[in-house]
Amino acid sequence: MWQELHAGQRVLARDEPWRVVALKAWNDCAEVQLASISPGNDGQERVLLLPFDRLEPLDKGRTAVGAVNRSELAWRRVSRRKWMRLLAAAAGATRPACGLQATHRAAIDLLPWQLEPAMALASGAASRVLIADAVGAGKTVQASAALVELQSRGEADRVLIVTPAGLRDQWAGELATRFGQTCLLADAAFLASAVQELPSDVNPWSLPGVYVVSFDFLKRPEVLHGIEGLWWDLVIADEAHLAAPGTDRGAALDRAAGRAARVILLTATPYASDREGYAALLATGRGRSSPPLEQELIVFRRARASLAIGVPDRRTRLLRIRLTAEERHLHRLLDRYTSRVWRENASAAARLAMIVLRKRALSSAWAVGRTIERRLALLEQSDNHLDTQVALPFDHDQEGEASTDDTVSDVVIGAPGLTDSRSERDILTTLAAAAAACAGRESKVRSLNRMLSRTGDPAIVFTEYRDTLDYLSRQLASTRPHALLYGGLSREERRTACAALNDKSISLLLATDAAGEGLNLHFACRWVVNFELPWNPARLEQRAGRVDRYGQRRRPHVVHLVARGTAESIVLSRLEARLRRARCAGWFEGVWPTEPVVAAAVMGDAELPEVEVAPTAEALAAPRDVAALAERACSEAVAVKSVRVVPPRPADDINGSLSRGPLLLEVRPSRLARPRNGFDRLVAGSRSLFIFRSTISDGAGRVVDSTIAGAGNQDVAETCFASRLREVQKFRQLAAGRLAARWRTVGSTNIPERCEVQPALFDRRAINLAQAYDTARTALERDLTSRIDRLQRSQTLIQEPPELLLVARAGSRTGHRTGRRPSEERR
């Protein structure tokens, strides 16, 4: 049987359609390499052995252009409804090489600008993409669309998604519900299970799939070692600004991205005020020892005003709170103490301790009181040189999340501030008493309680400190049912808190900045209250972005609670006002002061600098102009929407319906005499309409282009498909050539040198390590060579003869009355 098979032939194996890639015959069997052509199984390959598996050719009985004039007996009449549904199914099954192949199946709104990154990566215009759109503009959807688009082309078998730990479940949910893509949440349990189930010499990350990991899990040496032992088709980094240069996160992300063919970086707050940080972000995954490729990186940085995402304009209010006499007394005492330490002590630890005290005092008297008591206890110890031990990360899923809360080491809190330690302890004792006098009767809490009682809408209250969070939870216990969201929660607790707010089980969420990035909390909520102003302006946009994002149907409201007569009102409110004016003017955050600069202004050591609201050309300009991509994305969105006009039923299988020949629709002459729509006019023009399908395969047996076209005769169809081959040939050569160049750059950067060992006595361990090292190096070289060879073979294209799918013709009046057969398909 295998003597009749040949490369490029379509066969049915195990109830799925495949294309023969290669055939190798042995004495009594044959090895057949297959590539899937099923819409739900695109890009997968499989090797079967004959005669142990049965292969049924699918090319038998197919109708090509030359068969248009065959006898009508080869056709089957169907109803108009089924003919249109099958036409929609055929359109949905197309795979245009120069367009998008998988977007029409995604449960997303087709916004042209969200398709640009996918088109840039699929066309080879870029191998690395930075999406730095404004908060709430759908960066996750753009990256996911690019992922499934590359998968549909068989170019994303192994994908790594790196996110903050709190966003892993949201990524998995978005991919599953919107794109039908399953992924694996890779954590410590995943590694433990893989070690038990897989052979000892198999890398747990080597299996094809989409792996979602956290930044802090990625930077672990045993995890990074396994990831570096492979090549990756795609690496996506969400909230990429968290992997700052010079940190373990930044180094781990750069090493993982440097081994990938394509890289997508997502961030709404790039390092606008840090030129070096922004340059390091742009260089992520480029490779250290080789020059950047031409047109390798594209930056998408778009303002909300230019996107027109349909969200009502945000309304921001600054609510100034009048403090009580006790609260004003506390702030005066604390200002005098911190200013004195700031002037007399220039050590970094002491100044950082003063900043912590000032920030906590602006948050709540309860929070600063807890810190003052802690500092007083540390200073009262006989020696100020504390021996601290770093806590071991027993719970790997929560590793690194505490950094989003107010965790400060005892070394900082206990750093001496004044030369006279006895005087400093007396001052701290007075401050502790003043804080205790304010606790329980704070003005901000009363104002927040009044505001929440006046509106029945769900709300999110953000604070920077866990102590303030617990304090608010006790004070508001009788006001509304609420939930807490902070970095120390487990994945299930975080998921439960977010779901409770989204389904209106609760009407109040108290959160730290652990909920300030990435989470979708806009389904039922539109109110955000900042209990204190953060000293980092970017956090204001991140917090507001939880409700002010695409999909919000009502006007979002953001309220800042500001204490009168304090640095929060004098300094921070000015910074917030500039941010609001810049946003209303249509700019991004601009070049904003860093947190140390803001701290210096609050402590009275410097003036708050003017904010450069217009992005500078050096810091924020995209390396390439994306106007051409925007134009193509608009036309592609129109094409994808046309496929969605008539959604096919799940049972509409165009290949199964054509197994016995093309389908015929006879249109009544009365409809052609007075055409009701464009379809009737088209049939009336030539008295018949033929729907053909053209399929183009590459040298590796993969279908790279599948399209349908309607024509009045076969000559028009042949001319149309001939020009289609030339267009696809040009597109594939450019895309495959640039991808191969990227793989060569990745290989030259990451393949290590050979390990030379001088054999000697008692060197068996060193020899074994060197052999394992060379084995891994050889495997990397072999895999890289295979990928480049496949790309070179994919540039050879083969176009099959156009296949006739559907026929619509004007039927005679007599024939229409008597020509029906009992076997006519009406459904």
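This is a predicted model, so every value here is computed, not measured.

*Asks:* A description of the packing of helix 11 (residues 325-344) against helix 15 (residues 421-438) should follow, citing residues and the corresponding values.
*Replies:* It is the contact of helix 11 with helix 15, at a shortest axis distance of 9 Å, that shows an interaxial angle of 155°. It follows that helix 11 is roughly antiparallel to helix 15 by the angle criterion. Note that helix 11 runs across helix 15; the crossing there is left-handed. Along the contact surface, helix 11 presents Glu326, Glu327, His329, Leu330, Leu333, Leu334, Tyr337 and Arg340, while helix 15 presents Ser423, Glu424, Ile427, Leu428, Thr430, Leu431, Ala434, Ala435 and Cys438. Each residue belonging to the contact of helix 11 with helix 15 can be placed in one class, and the counts come to ten nonpolar, three polar and four charged.

*Asks:* Can you lay out the packing of helix 3 (residues 139-152) against helix 4 (residues 168-179) for me, pointing to particular residues and giving the numbers?
*Replies:* Packed helices, taken two at a time, are described by the angle between their axes plus the distance between the axes. Direction vectors running N to C along helix 3 and helix 4 enclose 60°, while the axes themselves pass 11 Å from each other. Considering their axes alone, helix 3 and helix 4 lie oblique with respect to each other. Crossing geometry of helix 3 relative to helix 4 is assigned as right-handed. Touching Thr140, Val141, Ala143, Ser144, Ala145 and Val148 of helix 3 are Trp171, Glu174, Leu175, Arg178 and Phe179, all from helix 4. Looking at the contact of helix 3 with helix 4 residue by residue, the classes come out as seven nonpolar, two polar and two charged.

*Asks:* Lay out the confidence of the model for the protein chain with the relevant residues and their values.
*Replies:* Per-residue pLDDT for the protein chain averages 79, and the proportion of residues at 70 or more is 79%. Counting interchain partners and residues more than four positions distant, the pLDDT-below-50 stretch residues 61-73 has 30 contacts. Low pLDDT, under 50, characterises residues 813-827; the stretch is placed with 19 contacts to residues that sit more than four places away or in other chains.

*Asks:* Tell me about the nonpolar core, and name the residues and values.
*Replies:* The biggest cluster of nonpolar side chains holds 77 residues, and the ones touching the most others in it are Ile161, Ile236, Ile264, Leu448 and Leu485. No other element matches the seven residues that helix 3 contributes to this core. In this structure Ile264 touches Leu121, Val129, Ile131, Ala143, Ala146, Leu234, Val235, Ile236 and Ala237, once residues within four positions along its chain are discounted.

*Asks:* Account for the pattern of salt bridges, with residues named and values stated.
*Replies:* Pairing is possible between side chains that carry opposite charge, provided their charged atoms lie close to one another. Summed over the entire model, instances satisfying the criterion amount to 39 salt bridges. A salt bridge links Asp169 to Arg495; the nearest nitrogen and oxygen atoms lie 2.9 Å apart. Taken together, the residues Asp169 in helix 4 and Arg495 in helix 18 (residues 491-502) connect sequence positions 326 residues apart. Looking at Arg495, the relative accessible area reads 36%, which means it is partly exposed. Here Arg340 and Glu344 are joined by a salt bridge, their closest N and O atoms 3.2 Å apart. With Arg340 and Glu344 both in helix 11, this residue pair falls four residues apart, about one helical turn. Three or more residues joined by partner-sharing salt bridges are found here, namely Asp169, Asp187, Arg491, Glu492 and Arg495.

*Asks:* Kindly report on the sheet that holds strand 4 (residues 45-50), identifying the contributing residues and their values.
*Replies:* Spatially, the five strands line up as an open sheet ordered 4-3-2-1-5, and their pairing is antiparallel. Either end of the sheet is taken by a strand with one partner, and the two such strands are strand 4 and strand 5 (56-57). Bridging between strand 2 (residues 16-25) and strand 3 (residues 30-36) involves seven bridges; their strand directions are antiparallel. When the bridges of strand 3 are listed, Arg19 appears paired with Ala35.

*Asks:* Account for a positive patch on the surface, naming residues and giving values.
*Replies:* Judged by side-chain charge, Arg320, Arg322, Arg328, Arg332, Arg336 and Arg564 come together as a positively charged surface patch. Considering every element that reaches the positive patch, the biggest residue donor is helix 11, with three residues. Among the structural elements, Arg328 can be located in helix 11. Looking at Arg328, the relative accessible area reads 40%, which means it is partly exposed.

*Asks:* Lay out empty space enclosed by the protein in plain terms, naming residues and giving numbers.
*Replies:* Under the counting rule described, the total for this entry stands at seven cavities of 30 Å³ or more. The computed volume of the largest cavity comes to approximately 140 Å³. Along its surface, the largest cavity is lined by 15 residues, and Lys139, Thr140, Glu239, Gly518 and Arg549 are the ones closest to its centre. Taken together, the residues of the lining of the largest cavity sort by class into four nonpolar, six polar and five charged. Roughly 110 Å³ of internal volume is contained in the second largest cavity. Taken together, 13 residues form the lining of the second largest cavity, with Leu323, Glu327, His331, Ala361 and Glu442 sitting closest to its centre. Mapped onto the lining of the second largest cavity, the elements with two or more residues apiece are helix 11 and helix 12 (348-363). Partitioning the lining of the second largest cavity into residue classes produces seven nonpolar, three polar and three charged.

*Asks:* Which residues make up the environment of Ala711, and what values do they have?
*Replies:* With respect to the helices and strands, the residue Ala711 is situated in strand 22 (residues 703-711). Its relative accessible area of 5% is what places Ala711 among the buried residues. Note: C-alpha distance between Ala711 and Ile691 (20 residues apart in sequence) is 6.6 Å. Setting aside its immediate chain neighbours within four residues, Ala711 contacts Leu689, Phe690, Val716 and Ala717.

*Asks:* Tell me about the side chain of Ser443, residues and numbers included.
*Replies:* When you line up the elements, Ser443 lands in helix 16 (residues 443-454). At 3.3 Å, the side chain of Ser443 forms a polar contact with the backbone oxygen of Arg322. Leaving out residues up to four positions away in the same chain, Ser443 has contacts with Ile321, Arg322, Leu323, Thr324 and Glu327.

*Asks:* Explain the packing of aromatic side chains to me, and be specific about the residues and the numbers.
*Replies:* Scanning the entire structure with this criterion turns up seven aromatic pairs. Centre to centre, the rings of Tyr211 and Trp232 are 5.9 Å apart; their planes meet at 85°, and the pair counts as edge-to-face. With Tyr211 in strand 10 (residues 209-214) and Trp232 in strand 11 (residues 232-237), this residue pair connects regions lying 21 residues apart in the sequence. Pair check on accessibility: Tyr211 and Trp232 agree, each one buried. Taken together, the ring pairs in this structure connect Phe190, Trp205, Tyr211 and Trp232 into an aromatic cluster. The aromatic ring of Trp535 is capped on one face by Lys359, whose charged end is 5.6 Å from the ring centroid. Of note, Lys444 hangs over the ring of Phe531, and the distance from its end group to the ring centre comes to 5.6 Å.

*Asks:* Lay out the sheet that holds strand 17 (residues 508-511) in plain terms, naming residues and giving numbers.
*Replies:* Overall, parallel pairing links the six strands, which are arranged 14-19-18-15-17-16 in an open sheet. Single-partner strands in this sheet number two, and they are strand 14 (315-321) and strand 16 (482-485). If you compare each strand with its neighbour and ignore which way they point, the axes differ by 20° on average. In terms of strand pairing, strand 15 (residues 459-462) meets strand 18 (residues 527-530) through four bridges, oriented parallel. Bridge assignment links Val461 to a residue of strand 18, and that residue is Val529. Docked against the sheet, helix 16 engages strand 14, strand 15, strand 17, strand 18 and strand 19 (557-563), running at close to 155° with respect to strand 19. Its contacts with the sheet put helix 19 (residues 537-544) on strand 15, strand 18 and strand 19, and the angle it makes with strand 18 is roughly 155°.

*Asks:* Explain helix 4 residue by residue, including any values.
*Replies:* Along its twelve residues, helix 4 runs 16 Å from first to last C-alpha, staying within 8% of the 16 Å computed at 1.5 Å per residue. Residues of helix 4 that are buried include every one of Arg168, Asp169, Gln170, Trp171, Ala172, Glu174, Leu175 and Phe179, and no others. Just downstream of helix 4 lies Gly180, where phi reads positive at about 65°.

Criteria and thresholds
Residues take numbers from 1 onward in each chain, read along the sequence in its written order. Local features are withheld for residues below a pLDDT of 70 in this predicted model, meaning they are given only at 70 or higher, and side-chain atom pairs are given and counted only at 80 or more; totals for whole chains, interfaces and linings count all residues. As a rule here, side-chain values cover all heavy atoms of the structure and leave hydrogens and water aside. To get an axis, a line is fitted to the C-alpha atoms, and for a helix only the part in contact is used. The angle between two axes follows their N-to-C directions and goes from 0 to 180 degrees. Only DSSP runs of H or I covering at least 4 residues are called helices, and only runs of E covering at least 2 are called strands; the numbering of each starts at the N terminus. Oblique is the label for any angle not covered by the other classes, which are roughly parallel (under 35 degrees), roughly antiparallel (over 145) and roughly perpendicular (65 to 115). The handedness criterion is simple: a crossing whose near helix is rotated anticlockwise from the far helix by less than a right angle is left-handed, and one whose near helix is rotated clockwise is right-handed. Throughout, a contact is declared for two residues whenever any of their heavy atoms are within 4.5 Å. Residues are sorted three ways: Asp, Glu, Lys and Arg are charged, Ala, Val, Leu, Ile, Met, Phe, Trp, Tyr, Cys and Pro are nonpolar, and all the rest, Gly among them, are polar. As a per-residue measure, pLDDT tells how confident the predictor is, with possible values from 0 to 100. Only buried residues count toward a nonpolar core, which is a set of Ala, Val, Leu, Ile, Met, Phe, Trp, Tyr and Cys residues joined through side-chain atoms within 4.5 Å. Exposure classes here rest on a 1.4 Å probe applied to the protein chains alone. A residue is buried below 20% of its type maximum, exposed above 50%, and partly exposed in between. Every case where a carboxyl oxygen of Asp or Glu lies within 4 Å of a side-chain nitrogen of Lys or Arg is listed as a salt bridge. Two strands are said to pair when DSSP picks up at least two bridges between them. Distance thresholds for patches are 9 Å for like charges and 5 Å for nonpolar side chains (Val, Leu, Ile, Met, Phe, Trp, Tyr), applied to residues having over 30% relative accessible area and no salt bridge. Per-residue and other accessible areas were derived by the Shrake-Rupley procedure at a 1.4 Å probe size, with only the shown protein chains allowed to occlude residues. Charged residues are defined here as Lys and Arg on the positive side and Asp and Glu on the negative side; His and the ends of the chain fall outside this count. All charge positions are set by atom: Lys at NZ, Arg at CZ, Asp at CG, Glu at CD. With a 1 Å grid spanning the protein atoms alone, the term cavity applies to any set of points in which a 1.4 Å probe fits but cannot get out, the term pocket to an open set with protein on both sides within 12 Å along at least five of seven lines, and the term lining residue to any residue with an atom within 4 Å of a point. Grid points are joined across faces, edges and corners, and a volume is the space filled by probe spheres set on the points. Polar contact is the term for a pair of N or O atoms within 3.5 Å; when the atoms are in protein, one must be able to donate a hydrogen and the other to accept it, and sequence-neighboring residues count only if both atoms are side-chain atoms. Two rings from Phe, Tyr or Trp (for Trp, the six-membered ring) form a pair when their centres are within 6.5 Å of each other. A pair whose planes differ by under 30 degrees is stacked, one over 60 is edge-to-face, and the rest are tilted. Whether a charge lies above a ring is judged from NZ of Lys or CZ of Arg, which has to be within 6 Å of the ring centre and within 35 degrees of the ring normal. For a helix, the expected span equals 1.5 Å multiplied by the residue count minus one.

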